[in-house]
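For reference, the chains in residue letters:
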Amino acid sequence: MTENTFPVYKVDAIVTFFRTEVLTGQEAKHFTKNDLAPSPKPDAVQRLYMRILQLLYRFKPECHYMVPFSENIQHPQLHEWPTAVMSVYLRMRQFLRMCYVYDFSLNDLLAPKVKRTVTILSGIMNYLHFRKQRLDMTMGHQERFREDMDKLQAYSRGTKDAQKKMDKLTTIPPEQQAEARELDSALSDLQTNTMHQYQEVNAINENIAEWKTEMAEKSQKLTQLKVDVATLKENIGKLKSQIVESPEEMKIQMEKMKENVKNIKLAIETADERLVGLQSNVQGVTHSEADIQLIFKLLQDLQSSMNKTQQHQEEAQALVCVYEAQQKELKNHSVEEGQLKRSLGMKMDKESKQHMRRQKKKEIKDQYIEDVLGQCDNVHQKREQIADQIQERDRDSQHLRSQMTNLRDTCSQETEKAQVTHHRHNINV
């Protein structure tokens, strides 16, 4: 007791703790500091130990007074008081080992001292604190387990709903499968047509670019021809001013000028013809551009539909990712559920075994109590028989005593008579 592994509390703290945690009703009200200090009361200490055993082992105080007796025991009434004390002593010795108190003796029940009772009660108080803490922890674990089970059920429901949504999004109903196939075939045809039209449009754009380059070159040539005509007209005017005497040269130059004018007219006519052809070509190109714009609009519509399908596919992929993540979470939760179920199974097995043991102990105790009660009845019957025998013997002894007193009286009378006769005989002699 000199080297304790638990703190030694004060008397006030011990009294308040046991009044609130162990004792109930009138016992808690009547339990005070005077029951422990300055001199502990044996009855209060024994009652407190009985309530502690009742709290921990469900061992009621009435059970301490029931002890089996053998049939040949003499004077069983003498054993009624020590049975309760010995029962409390034996059970407290078994219990106080868990509180690290190993030197509990009968004097701690019959004649308790202040220091020893305070140390013993502080050890019990420390153990009860530890027991309460562990019970709170187990209750917290049970609540967490229930919350985890609720979460697991909620997650399983969410995964089932997500699976149903995925099935609805991914699977096409049988009524729309024919339409979906037709749409797929139409999309493939449109894609092939758009590819051909893209190729044709590219070819037409190349031709338009070539025609534009030719138009630019021809327009440059026309401008150069116009500039040449203007220069020729200026030269003609200059030559007319300079021509005075040479008509032959004038005629030759005029012929040359006429030939040049004819050539220029022919070039202009050919240029006009080419312009008309180019204009017709440009009109055809504008018509083709309108067709191309229509095709481009159709392609844009197709692109938007393709984007929508891609968005649906991305959503489906995202849902698949979410489904996979939820499946992983489900697997983790299933593993945790398996572990919890195993632990629950172990706990249930332990509890069932403990329940079976408790039932067996209870049955043994019930049989034991019945045997004890039967033995007690037998003892009471024997006690009554013995009491009757004792009364009869007392009567016999009283009768014998009366006879003895009578015999003593007769003996005393006869001795007196004998003495008188002997005295007379001596006188006569």
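Look up: the structure comes first, before these words.
Overview of the structure.

Conventions used here
- Residues numbered from 1 in each chain as written.
- Predicted model: local features only at pLDDT ≥ 70, side-chain atom pairs only at ≥ 80, totals over all residues.
- Heavy atoms only, no water.
- Helix = DSSP H or I, 4+ residues; strand = E, 2+ residues; numbered from the N terminus.
- Rg over C-alpha atoms; globule rule 2.2 N^0.38 Å.
- Buried < 20%, exposed > 50% of the residue type's maximum accessible area, 1.4 Å probe, protein only.
- Contact = heavy atoms within 4.5 Å.
- Lys, Arg positive; Asp, Glu negative; His and termini not counted.
- Charge placed at Lys NZ, Arg CZ, Asp CG, Glu CD.
- Core = buried A, V, L, I, M, F, W, Y, C linked by side-chain atoms within 4.5 Å.
- Patch = residues over 30% accessible without salt bridge, like charges linked within 9 Å, V, L, I, M, F, W, Y side chains within 5 Å.
- Areas by Shrake-Rupley, 256 points an atom, 1.4 Å probe, with all protein chains shown as cover.
- Salt bridge = Lys/Arg side-chain N within 4 Å of Asp/Glu carboxyl O.

The next point concerns the overall build of the chain. Secondary structure assignment for the chain yields 8 helices and 0 strands. Mapped from its N terminus to its C terminus, the chain presents α and β elements in the order α-α-α-α-α-α-α-α. Relative to the globule expectation of 22 Å for 429 residues, the C-alpha radius of gyration of the chain, 64 Å, shows a markedly less compact shape. With the C-alpha coordinates aligned to their principal axes, the bounding extent of the chain is approximately 250 × 55 × 30 Å. Per-residue burial for the chain yields a buried fraction of 18% across its 429 residues. Restricting the contact set of the chain to residue pairs at least 6 apart, pairs at least 24 apart contribute 72%. Of the charged side chains in the chain, 63 are positive and 62 negative; the average position of the first set lies 10 Å away from that of the second.

Okay, unusual backbone geometry next. Put simply, A37 and P38 share a cis peptide bond, and its omega is 0°. The phi torsion at Y100 lies on the positive side, around 60°, for a residue other than glycine.

The biggest cluster of nonpolar side chains holds 36 residues, and the ones touching the most others in it are F18, Y49, I52, M92, F95, L96 and I124. Those elements that provide at least two residues to this core are α1 (11–21), α3 (42–57), α4 (80–96) and α6 (114–170). Those residues within four positions of M92 in sequence are excluded, and the remaining contacts are Y49, L53, F104 and I124.

So, on to a positive patch on the surface. Side chains of R58, R91, K347, K350, K353, R357, R358, K360, K361 and K365 sit close together on the surface and give a patch of like positive charge. Here the element with the most residues in the positive patch is helix α8 (residues 247–428); it accounts for 8 residues. Structurally, K365 can be placed in helix α8.

Moving on, we come to the pattern of salt bridges. If you walk through the whole model with that rule in mind, you get 6 salt bridges. We note a salt bridge from E21 to K132, for which the minimum N-O separation is 3.7 Å. Placement of E21 in helix α1 and of K132 in helix α6 is noted, with a sequence separation of 111 residues between them. Looking at E21, the relative accessible area reads 35%, which means it is partly exposed. Between D103 and R116 there is a salt bridge; the shortest N-O distance is 3.7 Å. Here R116 lies in helix α6 and D103 lies in the loop between α4 and α5 (107–110), a separation of 13 residues in the sequence. In this structure D103 comes out as partly exposed when scored by relative accessible area, which is 32%. When salt bridges that share partners are traced, they join D103, D108 and R116 into one network.

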